[in-house]
Amino acid sequence: MADIEHAQIVIIGGGVIGLGIAFHLAEMGVTDVVLVERNTLTSGTSWHAAGIVGPLRSSLNLTRLASYATELFPELAARTGQDSGYRRTGGLWLARTQARLIELRRIAATGEISGLDARMIGPEEACEKAGLLSEEGLAGALWVADDGQANPIDICMAYAKRARGAGIRLLEGTACTGFQRRNGAVTGIELATGGRISCEKIVLCAGAWSHALGRLAGVPVPLQPVEHMYVVTEPVPGLPQPFPILRDLDRGIYLKEDSGKLVLGGFEPHAKIWDPTGPDGDRPFLEFGEDWEQFAPFMEAGLSLVPALGQVGIRHFMNGPESFTPDTRPLMGESPFLKGFFVAAGFNSTGMMSSAGVGRAMAEWLVDGRPSLDLWALDIARFDRASAAPSYLHARMEESVADLFEMHWPYKQQKAGRDARRSPFHRQFAEAGAVFGAPTGWERPLWYARHPGEEVIDYGFGSQTWWPAAAREARHMSETVALFELSPFTKIDVKGPDAAALLQYLCTNDVARDVGRAFYTQMLNDAGGIEADVTVTRCGEDAFRIVSGAATRQKDLAWLERHAAGRSVQIFDATSAEAVLGVMGPRSRDLLQSLTDADLSATAFPFGTSQVIDIGYASLRATRVSFVGELGWELYVPAEFAESLLQVIIEAGKPYDLGLAGHYALDGCRLEKGYRHWGHDIGPLDTPLESGLSFAIAWTKPDGFLGLPALEAQRRQGLARRLMLFAVDGATPLLLHDEPVYREGVYCGLTTSGGQGFRTGLSLCLAYVAVPPEAASETMFEATYQIKVAGEVLPLRPLRQPPYDPGGQRLRG
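First things first, this report covers the structure right here in the doc. (Residues numbered from 1 in each chain as written. Predicted model: local features only at pLDDT ≥ 70, side-chain atom pairs only at ≥ 80, totals over all residues. Heavy atoms only, no water.)

### A closer look at the pattern of salt bridges
Counted only if it meets this: The salt bridge criterion pairs a side-chain nitrogen of Lys or Arg with a carboxyl oxygen of Asp or Glu, the two atoms within 4 Å. Starting at the N terminus, helices and strands are each numbered in turn, a helix being any DSSP run of H or I of at least four residues and a strand any DSSP run of E of at least two. Buried means the residue's accessible area, taken with a 1.4 Å probe over protein chains only, is under 20% of the maximum for its type, while exposed means over 50%, and partly exposed covers the values in between.
Under the definition given, this model contains 44 salt bridges. For the salt bridge of Glu257 with Arg87, the shortest nitrogen-to-oxygen distance reads 2.6 Å. Taken together, the residues Glu257 in strand 15 (residues 253–258) and Arg87 in strand 4 (residues 87–88) connect sequence positions 170 residues apart. Given the relative accessible area of 3%, Glu257 is considered buried. Note on Arg87: relative accessible area 32%, which makes it partly exposed. Across the pair Asp384 and Arg421 runs a salt bridge, and its minimum N-O distance is 2.7 Å. Here the residue Asp384 occupies a position in the loop between helix 9 (351–368) and helix 10 (390–396), and Arg421 occupies one in the loop between helix 10 and helix 11 (426–431), the gap between them amounting to 37 residues.

Here it is, written out as structure tokens:
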């Protein structure tokens with residue numbers, strides 16, 4: 001190993017994920033790769049994986065990612081000479097409540113459009129398919145014929161054989177002990193032997209050990225190892241063959257067959273934390289002691305579901321390390337904190353079945369710069385440093401592990417690990433009755449309760465209990481004026497002699513504006529996909545303020561910093577330094593004018609402009625933009641003045657009937673205007689042309705912009721799909737995302753986001769739909785559409801323009 005001084009890519013971790021990436025790099029012809037494993041291959045957590053292969057997931061992209069395993073695993077023997085042990089057994093997702101049945105019907109629709117054999121069945125048929133099941137308490141089930149199982153060790157060996165055969169070097173007994181960095185990028189790894197391997201890219205796939213290794217590189221990796229348990233029974237008489245995978249979701253357990261025996265496991269609340277840096281951390285094939293007290297609820301649930309378990313003994317109690325993330329979704333992609341440092345870890349007990357899709361996607365990320373699927377939901381850039389704090393991770397394990405099988409309620413807010421990140425307005429909003437959620441880590445008012453009982457978050461798949469409050473707030477705003485908490489939005493300052501040139505290169509819109517102008521724009525990758533959706537304000541000749549969504553803070557900051565390399569530019573994250581109030585509604589001008597001597601008239605302060613004004617004791621930036629489609633201003637105030645500013649506005653607002661409005665009202669209003677939401681409606685695989693955002697493209701900028709050639713090519717070739725706004729007439733279903741859309745009875749696309757338009761009373765959704773060959777725009781609007789929501793087909797009306805103030809008179813008044 002001493003002769004290995006350099007590799008293009010270094011993979012850390014010889015488990016199923018690291019080997020899966022090595023396999024797919026070999027498939028792509030990339031072989032200047034070294035994989036280092038501190039012990040022996042598979043000796044971390046892969047060796048004790050349960051071996052379940054479940055392709056169906058909650059969204060189309062995640063289903064596509066997982067489904068690839070059902071294609072690859074059966075082929076491994078022919079491609080590598082190593083059998084994977086894969087068997088297609090079918091699987092049952094059991095439901096014990098009506099709410100769970102609705103959740104499963106929504107998931108079944110994803111299976112249908114993915115080409116999977118997935119359908120809802122009754123309790124009797126479920127028992128027929130599995131045998132030995134007790135029907136007691138069952139309400140129904142989702143049958144997934146494509147479920148199966150495989151042998152994790154065999155899969156690892158198949159991956160390793162292919163990688164070695166292609167020339168990729170797999171080094172066992174080689175521990176990584178540190179990293180080399182230069183100018184914000186990783187340049188190599190340090191080994192326990194004292195040697196080093198320089199490289200351009202690193203992929204951290206060390207499972208439960210990834211958090212500790214990431215810390216050595218200064219990279220937060222928000223995952224927490226816990227003790228994870230299952231038992232293997234003695235042979236079960238009369239066990240049907242093949243025996244389907246069983247998931248008793250409402251009791252948190254799963255079962256699968258293993259050579260005539262049954263494996264029973266579960267996902268428990270208050271999982272037991274394990275420290276991989278402790279004395280057992282270096283031990284290969286690690287097992288913890290039996291813990292029957294912790295496992296007892298799962299054993300009881302298993303006995304209730306399969307009474308025959310009471311007639312057989314337990315052959316083995318498996319208790320080993322497994323890592324879970326705060327939101328129970330994996331960590332993938334390039335860290336925003338260190339260029340060239342990629343992570344593929346935190347697979348929440350689904351690593352083996354994920355390894356095929358993850359291996360391919362990560363290989364694409366490493367070689368092509370992006371995966372072929374939109375994987376923002378899994379991108380490690382969704383987390384910041386605070387999310388990797390041990391105290392936060394420990395708190396999240398109270399519910400994170402159990403969340404895998406718990407009800408995935410719409411709008412569900414986490415309970416553990418809350419109330420840490422507050423804006424300066426928090427106390428005043430709390431006293432005003434705010435019901436808080438933390439969709440991006442920040443405590444944020446979702447709505448305001450006016451009476452006892454209205455503050456209760458009562459989850460469901462029908463009409464939401466907060467709809468009346470959000471409707472009240474939106475209507476109040478549209479009639480008078482209301483305040484929104486906007487502090488969590490990302491705020492980035494770009495300054496310096498090259499600031500204008502940098503943003504002119506990155507932005508689709510023209511940055512050459514007068515000082516004080518604010519404008520909407522996207523930032524694209526070289527394929528024309530939308531990497532950022534932002535508002536830019538020119539604050540000075542060489543100074544700009546960029547505002548984007550709260551969830552993309554680290555991603556957007558890294559995007560700017562990496563493209564600024566070599567330029568005379570300073571980039572500062574001002575998100576926590578300033579609080580932001582949205583003052584919106586037809587009386588917003590009257591209210592604010594009563595507090596400042598600045599001229600707020602339409603002539604002196606038109607839409608899309610920004611000025612520094614004084615209110616009370618604070619000097620602040622007021623920007624006339626609106627995400628809700630009403631006359632209004634966003635006020636950016638230094639954090640130390642925030643509370644006093646809010647108090648001044650609230651006192652002055654009494655004659656104007658000032659109200660307060662939450663995040664849910666805001667989202668409903670943005671749907672009524674057809675405004676896009678990055679991460680839902682637009683992302684790295686969506687272009688501005690497909691998304692209906694061509695108005696923000698400056699096609700004739702002298703030096704162009706990043707992604708322009710791809711857009712020009714798409715404009716010549718025509719679109720294969722487009723984003724359209726729809727309304728459901730005569731019904732108010734709960735619209736979320738990934739609901740199938742049909743045109744003339746034929747599937748044509750999926751919703752990207754949806755909800756209630758509280759000012760119009762409409763159920764609205766955005767959806768990408770296929771463009772028929774040579775179809776005129778009007779033809780698409782004249783067609784008949786339907787949407788399927790939890791198995792129910794409803795009529796869908798395409799909207800040529802936003803249903804609320806389509807001409808924008810209220811916005812620009």
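### Focus: the nonpolar core
Defined as follows: To define a nonpolar core, start from buried Ala, Val, Leu, Ile, Met, Phe, Trp, Tyr and Cys residues and group those joined through side-chain atoms within 4.5 Å. Only heavy atoms matter for contacts: two residues are in contact if any of them lie within 4.5 Å across the pair.
Among the nonpolar cores identified, the biggest contains 50 residues, and Ile11, Ile21, Leu25, Phe73 and Tyr159 are the most heavily contacted of them. The set of elements that each furnish at least two residues to this core consists of strand 1 (6–12), helix 1 (16–27), strand 2 (33–37), helix 2 (60–72), helix 6 (152–166), strand 19 (341–345) and helix 9. Considering each element in turn, this core owes the most residues, nine residues, to helix 9. In this structure, Ile11 is in contact with Gly18, Ile21, Ala22, Leu25, Val33, Val34, Leu35, Val36, Val203 and Cys205, ignoring residues within four places of it in sequence.

### A closer look at helix 18 (residues 708–717)
Every buried residue of helix 18 is accounted for by Leu708, Leu711, Ala713 and Gln714. As for helix 18, its buried residues are in contact with strand 24 (518–524). Just downstream of helix 18 lies Gly718, where phi reads positive at about 90°.

### Things to note about the sheet that holds strand 38 (residues 792–799)
Just so we agree on the cut-off: A pair of strands is labelled paired if DSSP reports no fewer than 2 bridges between them. Under this scheme, a helix contributes an axis fitted over its contacting stretch, all axes are lines through C-alpha atoms, and angles between N-to-C directions fall in the 0 to 180 degree range.
The six strands lie next to each other as 33-36-35-34-37-38, forming a closed barrel whose pairing is antiparallel. Adjacent strand axes in the sheet meet at a mean angle of 40°, parallel and antiparallel pairs treated alike. Across three bridges, strand 34 (residues 740–743) lies against strand 37 (residues 785–789) in antiparallel orientation. Bridging from a neighbouring strand, Val741 pairs with Ile787 of strand 37.

### Section: the packing of helix 1 against helix 9
As a reminder, the rule being used: To sort the angles, those under 35 degrees are grouped as roughly parallel, those over 145 as roughly antiparallel, those from 65 to 115 as roughly perpendicular, and the leftovers as oblique. In this scheme the crossing of two helices becomes right-handed for a clockwise turn of the near helix relative to the far one and left-handed for an anticlockwise turn of less than a right angle.
The geometry of helix 1 relative to helix 9 is characterised by a closest axis approach of 7 Å and an angle of 45° between their N-to-C directions. By the angle between their directions, the pair helix 1 and helix 9 is classed as oblique. As for how helix 1 packs across helix 9, the hand of that crossing is right-handed. Facing helix 1, whose interface residues are Val16, Ile17, Gly20, Ile21, His24 and Leu25, helix 9 presents Gly351, Met352, Ser355, Ala356, Val358, Gly359, Arg360, Met362, Ala363, Leu366 and Val367.

### Observations concerning the layout of surface pockets
Over the atoms rolls a probe the size of a water molecule, and in doing so it shows where empty space is left. Heads up, the rule is: With a 1 Å grid laid over protein atoms only, a set of points is called a cavity when a 1.4 Å probe fits there but cannot get out and a pocket when it is open yet has protein on both sides within 12 Å along at least five of seven lines; lining residues have an atom within 4 Å of a point. Grid points are joined across faces, edges and corners, and a volume is the space filled by probe spheres set on the points. Three classes are used: nonpolar for Ala, Val, Leu, Ile, Met, Phe, Trp, Tyr, Cys and Pro, charged for Asp, Glu, Lys and Arg, and polar for all others, with Gly counted as polar.
Taken as a whole, the second largest pocket encloses approximately 770 Å³ of empty space. In this structure, the second largest pocket is lined by 33 residues; those nearest its centre are Glu334, Trp365, Gly369, Glu531 and Trp559. Elements supplying a minimum of two residues to the lining of the second largest pocket: strand 12 (196–204), helix 9 and helix 14 (553–563). If one sorts the elements of the lining of the second largest pocket by residue count, helix 14 sits on top with six residues. Class assignment for the residues of the lining of the second largest pocket results in 16 nonpolar, five polar and twelve charged.

### Quick notes on the pairing of strand 2
Applied cut-off: Throughout, right-handed denotes a crossover for which the path from the first strand over the helix to the second runs clockwise when the strands point away from the viewer.
Extensive coverage of strand 2 is indicated by the burial of five of its five residues. Burial of the side chains of strand 2 extends over both faces: Val33, Leu35 and Glu37 are buried on one face and Val34 and Val36 on the other. For strand 1 and strand 2, the ladder comprises four bridges, and the chain directions are parallel. Pairing of Ile12 across the sheet is with Val36, part of strand 2. Following the chain from strand 1 across helix 1 to the adjacent parallel strand 2, one finds a crossover that is right-handed.

### Details of the side chain of Ser626
Counted only if it meets this: Each polar contact in these results corresponds to two N or O atoms within 3.5 Å; when the atoms are within protein, one needs to be able to donate a hydrogen and the other to accept it, and residues that are neighboring in sequence are counted only if both atoms are side-chain atoms.
Within the secondary structure, Ser626 is located in the loop between strand 30 (618–623) and strand 31 (632–638). Polar side-chain contacts of Ser626 include one of 3.2 Å to the backbone nitrogen of Val628. One polar contact links the side chain of Ser626 to the main-chain carbonyl oxygen of Glu630, over a distance of 3.1 Å. Not counting residues within four places of it along the chain, the set of residues in contact with Ser626 comprises Met584, Phe607, Tyr675 and Leu811.

### Quick word on the packing of aromatic side chains
Operational definition: Classification of ring pairs rests on two measures: the distance between centres of Phe, Tyr or Trp rings, Trp counted by its six-membered ring, which must be within 6.5 Å, and the angle between planes, read as stacked under 30 degrees, edge-to-face over 60 and tilted in between. Note on geometry: a ring has a charge over it if NZ (lysine) or CZ (arginine) is within 6 Å of the ring centre and within 35 degrees of the ring normal.
Considering all chains together, one arrives at 29 aromatic pairs under this definition. Measuring from centroid to centroid gives 6.2 Å for Trp292 and Phe295, while their planes differ by 85°, and the two rings are edge-to-face. With Trp292 and Phe295 both in helix 8 (residues 292–305) and three residues apart, this pair spans about one turn of that helix. Since its relative accessible area comes to 37%, Trp292 is described here as partly exposed. Members of the aromatic cluster, joined through ring pairs, are Tyr411, Trp447, Trp466, Trp467, Tyr664 and Phe758. Its end group placed over the ring of Trp559, Lys555 keeps NZ or CZ at 5.6 Å from the ring centre. We note Arg721 situated over the ring of Tyr768; from NZ or CZ to the ring centre the distance is 4.1 Å.

### Details of the sheet that holds strand 28 (residues 578–584)
Within a sheet, each strand pairs with its neighbour through backbone hydrogen bonds, oriented either parallel or antiparallel. Pairing is mixed in the open sheet, where six strands are placed in the order 29-30-31-28-22-32. Here the strands that pair on one side only, and so sit at the sheet edges, are strand 29 (610–615) and strand 32 (658–661). The average undirected angle you get between the axes of adjacent strands in this sheet is 30°. One ladder, built from seven bridges, connects strand 28 with strand 31; its direction is antiparallel. Across the sheet, the residue bridging to Gly582 is Glu634, located in strand 31.

### Brief notes about unusual backbone geometry
Across the junction of Gln241 and Pro242, the peptide omega takes the value -5°, indicating a cis bond. One non-glycine residue with positive phi stands out, namely Asn348, at about 50°. A relative accessible area of 1% places Asn348 in the buried class. Even without a glycine there, the phi angle at Glu744 is positive, about 50°. Take Glu744: it is sitting in the loop between strand 34 and strand 35 (746–757).

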